[in-house]
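Analysis of the macromolecular model
Each chain is listed here by its residues.
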Amino acid sequence: MATEVERKFLVAGGGWRHAALGPGLPFRQGYLPNGGGADAPVVRIRLAGAAGVLTIKGPGLTTRAEYEYPIPAEDAAAMLATLCVPPVLEKTRTRVAHAGLVWEVDEFAGPLAGLVLAEVELARIDQPVALPDWVGREVSGDPRYLNSNLVRAGLPPRP
């Protein structure tokens, strides 16, 4: 089974931009209806630039099952338009190097504009992580910051 181990932080300032590994990639992503149960898997459709991706995630916050499959971009666009629960989440993801790890910084658009989150994927939950000075409060354990919940809420969580 594929397992995702990830920590997530609010971003404090734009200091991350100088360490970007390239330009940001625009994402559009939506979620198939799952009945809303906290223990139900989440099925995500994503257009990352011109690439379509189908992702199935199990329940959990920091550690959870994750399966990703490439799909034709045309299929992803059609699913976003017809099958996903509106609204479609829009963000730009920039990969940033820090202390031997690659962080992903997401700048949200639309109703979530102004929200900037940084995620880092780890090999194991107890892996030491040198935090860059541009990260703020950790939100890994806060379900309000799951993308599927952000899109459902339609606006950034209050601190």
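So, here is what we can say about the structure in this document. Nothing here was measured: the structure is a model prediction, and the numbers come from that model. (Residues numbered from 1 in each chain as written. Predicted model: local features only at pLDDT ≥ 70, side-chain atom pairs only at ≥ 80, totals over all residues. Heavy atoms only, no water.)

Moving on to the packing of aromatic side chains. Ring pairs (aromatic) are described by centroid distance and by the angle formed between their planes. Here the structure, examined in full by the defined rule, presents 2 aromatic pairs. Centre to centre, the rings of phenylalanine 9 and tryptophan 103 are 5.6 Å apart; their planes meet at 50 degrees, and the pair counts as tilted. With a gap of 94 residues between them, phenylalanine 9 in strand β1 (residues 3–11) and tryptophan 103 in strand β7 (residues 101–108) connect regions that are remote in the sequence. Classification of phenylalanine 9 by relative accessible area gives buried; the value is 1%. Their ring planes at 75 degrees and their centres at 5.7 Å tell us that tryptophan 103 and tryptophan 134 sit as a pair that is edge-to-face. Within this pair, whereas tryptophan 103 is found in strand β7, its partner tryptophan 134 is found in the loop between β8 (116–121) and β9 (135–138), the two being separated by 31 residues in sequence. With respect to class, tryptophan 103 is no different from tryptophan 134; both count as buried. (Phe/Tyr/Trp six-rings, centres within 6.5 Å; stacked < 30°, edge-to-face > 60°. Helix = DSSP H or I, 4+ residues; strand = E, 2+ residues; numbered from the N terminus. Buried < 20%, exposed > 50% of the residue type's maximum accessible area, 1.4 Å probe, protein only.)

A few words now on the side chain of lysine 57. Positionally, lysine 57 belongs in strand β4 (residues 51–57). A distance of 3.3 Å separates a polar atom in the side chain of lysine 57 from a polar atom in the side chain of glutamate 66. Leaving out residues up to four positions away in the same chain, lysine 57 has contacts with Glu4, Pro41, Val42, Arg44, Arg64, Ala65 and Glu66. (Polar contact = N/O pair within 3.5 Å; in protein donor to acceptor, adjacent residues only side chain to side chain. Contact = heavy atoms within 4.5 Å.)

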